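Chain by chain, the residues run as shown.
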Amino acid sequence: MAGKIFIAIDRLTLALDKLSAKIDLWIPASLQTDNRELTEFVPYHAGMVPILDRQTTLPPKKILLPQVETLLRFEHRKDPQNPLKVSVSLDDKSEVRPALVFGARPCDVKGFLTLDRVFTNGPYVDPYYLERRRNTLFATLVCLQADGTCFCSSVGSGPADTEGSDFRVIPVDGGYVVDALTQKAQSLIDSLGDTPTQHQEAQARQVVEEASQHRVGDLDLTGSAEAFRKRFANDDYWQEMTAQCLSCGICTYVCPTCYCFTITDEIENMRGERLRSWDSCMFYQYTLEASGHNPRPSKLNRYRNRAGHKFSYIPEKYDGLIGCCGCGRCIRSCPVSIDIRQIVGRLKENACESE
Amino acid sequence: MRVNKFLNNPYLPELATVQEIIQETANIRTLRVSLDDKEKMSEFSFRPGQVGQLSVFGAGESTFVINSPPTRKDYLQFSVMRVGEVTQRIHQLNAGDQIGLRAPLGKGFQYEDMKGHDILFIGGGIGMAPLRTLLLFMIDNRRDYGDIMVLYGARSPQDLCYTYEFQEWKAGGVNLVLTVDSEFPGWKERVGFVPTVLSEESPSPHNRIAVVCGPPIMIKFVLFGLKELGFEDRQILTTLEKRMKCGIGICGRCNIGSQYVCLDGPVFSYEQITGMAQEL
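Nothing here was measured: the structure is a model prediction, and the numbers come from that model.

Colleague: Looking at this structure, I do not really get the overall build of chain A. What am I missing?
Modeller: What chain A contains, in helices and strands, is 12 helices and 12 strands. Taken over C-alpha atoms, the radius of gyration comes to 23 Å for chain A, in line with the 20 Å a tight globule of 355 residues would show. By principal-axis analysis of the C-alpha atoms, chain A measures approximately 70 × 70 × 45 Å. Residue burial in chain A is summarised as follows: out of 355 residues, 43% are buried. Contacts spanning at least 24 positions in sequence make up 71% of the contacts within chain A whose residues lie at least 6 apart.

Colleague: Could you clarify how one ought to interpret the overall build of chain B in this entry?
Modeller: Scanning chain B for helices and strands turns up 7 helices and 16 strands. Relative to its length of 280 residues, chain B is compact, with a C-alpha radius of gyration of 19 Å against a globular reference of 19 Å. The principal-axis extent of the C-alpha atoms belonging to chain B is close to 65 × 40 × 35 Å. Counting the 280 residues in chain B, one finds 50% classified as buried.

Colleague: Looking at this structure, how should I read the pairing of strand β7 (residues 98-105) of chain B?
Modeller: Successive residues of a regular strand alternate their side chains across the two faces of the sheet. Residues and elements named next belong to chain B. Across the 8 residues that make up β7, a large majority, 7, are buried. Taken together, the 4 bridges between strand β2 (residues 14-23) and β7 define a ladder with antiparallel strand orientation. Across the sheet, the residue bridging to glutamate 14 is leucine 101, located in β7. Sheet topology note: the strand β4 (residues 51-56)/β7 ladder contains 4 bridges and is antiparallel. Bridge pairing in β7 links leucine 54 to leucine 101.

Colleague: Looking at this model, I keep getting lost on the interface of chain B and chain A. Mind explaining?
Modeller: Many authors give the size of an interface as the accessible area that is lost as the parts come together. At the junction of the two partners, chain B supplies 40 residues and chain A supplies 46 residues. Among the secondary structure elements, those contributing two or more residues to the side of chain B that touches chain A are β1 (2-4) and β5 (60-65) of chain B. Counting residues per element, the side of chain B that touches chain A draws most heavily on β1 of chain B, which supplies 3 residues. Its residues assigned to classes, the side of chain B that touches chain A shows 17 nonpolar, 15 polar and 8 charged.

Colleague: Can you help me understand the sheet that holds strand β16 (residues 267-269) of chain B in this one?
Modeller: Strand pairing in a sheet is mediated by backbone hydrogen bonds. Such pairs are either parallel or antiparallel. Residues and elements named next belong to chain B. On the basis of which strands lie adjacent, the open sheet formed by 7 strands has the order β11-β10-β9-β8-β12-β13-β16 and mixed pairing. Edge strands, defined here as strands with exactly one partner in the open sheet, are β11 (190-191) and β16. Each of β8 (118-124), β9 (148-154), β10 (174-180), β12 (208-213) and β13 (236-239) touches helix α3 (residues 128-140); the most contacted strand, β8, lies at about 155 degrees to it.

Colleague: I tried to follow the sheet that holds β4 of chain B on my own but got confused; where do I start?
Modeller: All names here are of chain B. Strand order in the open sheet formed by 6 strands is β5-β4-β7-β2-β3-β6, with antiparallel pairing between adjacent strands. Edge positions in the sheet fall to β5 and β6 (76-81), since each has one partner strand and no second. Neighbour-to-neighbour, the strand axes of the sheet open up by a mean angle of 40 degrees, direction not taken into account.

Colleague: Would you mind showing me how to read the domain arrangement of chain B here?
Modeller: The domains assigned to chain B are domain 1 (14-105) and domain 2 (111-239). The residue makeup of the side of domain 1 of chain B that touches domain 2 of chain B, split by class, is 8 nonpolar, 6 polar and 2 charged.

Colleague: Explain the nonpolar core here, please?
Modeller: What tends to happen in soluble globular proteins is that the nonpolar side chains get buried as a cluster. Val101 of chain A together with Phe121, Ile122, Leu151, Ala210, Val211 and Val222 of chain B are the most contacted members of the largest nonpolar core, which totals 167 residues. The dominant element in this core, judged by the number of residues it contributes, is α3 of chain B, at 8 residues. Viewed by domain, this core spans two of them, domain 1 (14-105) and domain 2 (111-239) of chain B, each represented by three or more residues. In contact with valine 211 of chain B, not counting residues within four places along its chain, are Ile119, Phe121, Leu131, Leu134 and Leu237 of chain B.

Colleague: Sorry if this is basic, but what is going on with helix α3 (residues 106-120) of chain A here?
Modeller: Think of an α-helix as 3.6 residues a turn; residues three or four steps apart then line up on the same face. Residue and element names in this part refer to chain A. Its 15 residues give α3 an end-to-end C-alpha distance of 21 Å, which sits within 8% of 21 Å, the value for a rise of 1.5 Å per residue. Within α3, 11 of the 15 residues are buried, which leaves the element mostly enclosed by the surrounding structure. Within α3, burial applies to Pro106, Cys107, Asp108, Val109, Lys110, Gly111, Phe112, Thr114, Leu115, Val118 and Phe119. Elements that come into contact with the buried residues of α3 comprise α2 (61-64), β7 (99-104), α4 (127-134), β8 (136-141) and α10 (299-317).

Colleague: Help me understand unusual backbone geometry, please; the structure alone is not making it clear to me.
Modeller: With an omega of -5 degrees, the peptide bond between alanine 103 of chain B and proline 104 of chain B qualifies as cis. Tracing the chain through its elements places proline 104 of chain B in strand β7. In the Ramachandran plot, asparagine 269 of chain A falls in the positive-phi region, its phi being about 55 degrees despite a non-glycine side chain. Tracing the sequence through the fold places asparagine 269 of chain A in the loop between β11 (261-268) and β12 (271-278). Look at asparagine 269 of chain A and you get exposed, because 8 C-beta atoms sit within 10 Å.

Colleague: I keep staring at the environment of glycine 225 of chain B and nothing clicks. Help me out?
Modeller: Structurally, glycine 225 of chain B is set in helix α6 (residues 216-229). Separated by 27 residues in the primary sequence, glycine 225 of chain B and leucine 198 of chain B place their C-alpha atoms 7.2 Å from one another.

Colleague: Can you walk me through the packing of helix α8 (residues 235-242) of chain A against α10 of chain A in this structure?
Modeller: Two quantities define a packed helix pair, namely the angle between the axes and the distance from one axis to the other. Residues and elements named next belong to chain A. Packing of α8 against α10 leaves a shortest axis separation of 9 Å and a crossing angle of 90 degrees. Comparing their axes, α10 and α8 come out roughly perpendicular. Contact residues: α8 offers Asp235, Trp238, Gln239 and Thr242, while α10 offers Lys299, Leu300, Tyr303 and Arg304. Counted by class, the contact of α8 with α10 contains 3 nonpolar, 2 polar and 3 charged residues.

Conventions adopted
- Residues numbered from 1 in each chain as written.
- Chains lettered and ligands numbered in written order.
- Predicted model: local features only at pLDDT ≥ 70, side-chain atom pairs only at ≥ 80, totals over all residues.
- Helix = DSSP H or I, 4+ residues; strand = E, 2+ residues; numbered from the N terminus.
- Rg over C-alpha atoms; globule rule 2.2 N^0.38 Å.
- Buried ≥ 20, exposed ≤ 12 C-beta atoms within 10 Å, placed from the backbone.
- Contact = placed C-beta atoms within 7 Å.
- Pairing = 2+ DSSP bridges.
- Nonpolar A, V, L, I, M, F, W, Y, C, P; charged D, E, K, R; others polar.
- Axes fitted to C-alpha atoms, helices over the stretch in contact; angles between N-to-C directions.
- Domains from an automatic or database assignment.
- Core = buried A, V, L, I, M, F, W, Y, C linked by C-beta atoms within 7 Å.
- Expected span 1.5 Å × (residues − 1).
- Parallel < 35°, antiparallel > 145°, perpendicular 65-115°, else oblique.

Structure follows, in structure tokens:
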């Protein structure tokens, strides 16, 4: 049947080899030699084995929003007739290659929906992000590995969510049934495997059905904007919630929806580049003005802004969209185990207590 | 592989050239610049209060209000206080030097809604720059507005900007009240902090709009003073300063709640930001 194939486990690397001949392929793997527990999305090379049995430590965010990228190059040139006069030339050429991300999870892909709104749906469109977005496909696993920090169902998603995905990869006995969900996916899928048997298809349907029923996370964190606004000025609440915070910024680094960036110039002699790099709202310097004034001087202000950004400001700006995909990475990676579920969940509890 | 040269890249500055530099105070300089592309310069249109990102390539970009009015377009004027890395480099520029400019950005003043009203400008230090553009715009359209009062304060007489224009402002029908923080030899105008002089003057809130810009601490006390005089939140406009990078509402840092100073501001009515005043 068109648009559906079965890849046997022992033929997975063969399928990936074929795919990577057609398109730049990213897979979840570990590049660490000392700690294979640390996983991330890496460019595929023949012979690599994807790690598909657990969520990656780092999200695929960098594939569409690189940690550092060049926005433009500049060059100063002296005028030989008048050495006091220096002219500048600018160049913003950039290269984008079609890519496929294999083995992302629904939360990873949902994270990009927040970035999509911010980078492509405002009054200004970010052309760097947009070009990459248009040229990148996602093959998303039906997720059967939720752990105690996962909460995708609390933010309106779930382990079988396909929003933003081009393929659905369904684990079944002995391999994966892969569904093409979009036109672009259709053209890549044919040569990858065999037509699934009726039994495999039935099993795939059952896996999807069960995953769709499964609720990951007990709390309902949707519709928290009102409660956040009511608690905004309650410093005691935020002080209590953030007292342990070390302002280390790991929550923003591992977050699929944290996109805040800085822009800096690097120059050597007469040539240089303007770079965009990930930044973090958890850092004191993030909002520090040259005058010394800082509108968010304490971690209370900064954490409140992070929670507010995801659960109040983004929903307010973008038709209720929550700026959190429930992947749980910030909780898992936090050195002092600050739990955003509890902080946002408690906003709604007794919200009427504070005026 | 696709190689793109973006048609509309909001991060790509226009090249511009510094025409003239005015030393305003010990640490404030005014730059008059024009876009190198003559056609773009003649088509350039903006509202009073809109801002631009000035680039010194190799040092970076910073945001400044275009403080010349849209009614006077021989050049675009920016006033820059030397406080950080980029402003240090801007202060090293000479006439004839090339810079980058991304402008106009932000929303500016809704001057249409201010027609027929009395206007009270309250500025502190470099905070006079964003008020100057609207002030000159109103002087150039003087009949559209009622009484115009400017309360402008600085630490010392040497810290006042645009002193060479004060006569022109007065000739344009502006009641100019100047104040400095303490007594200085030869100073004949007012002495005292801006909020104190405001309550001494006690302008009536009736049919009046207050436009405030200055250091955050001044804004806080002036807001308090205006409320005491009976001004309502919607009668108070302020133009805010924040650390900015992208200038187009994407990079995330200049927010006040869900609004971005670069995109939704920098002009806000106090009504719009009430409740978020903690993060000004």
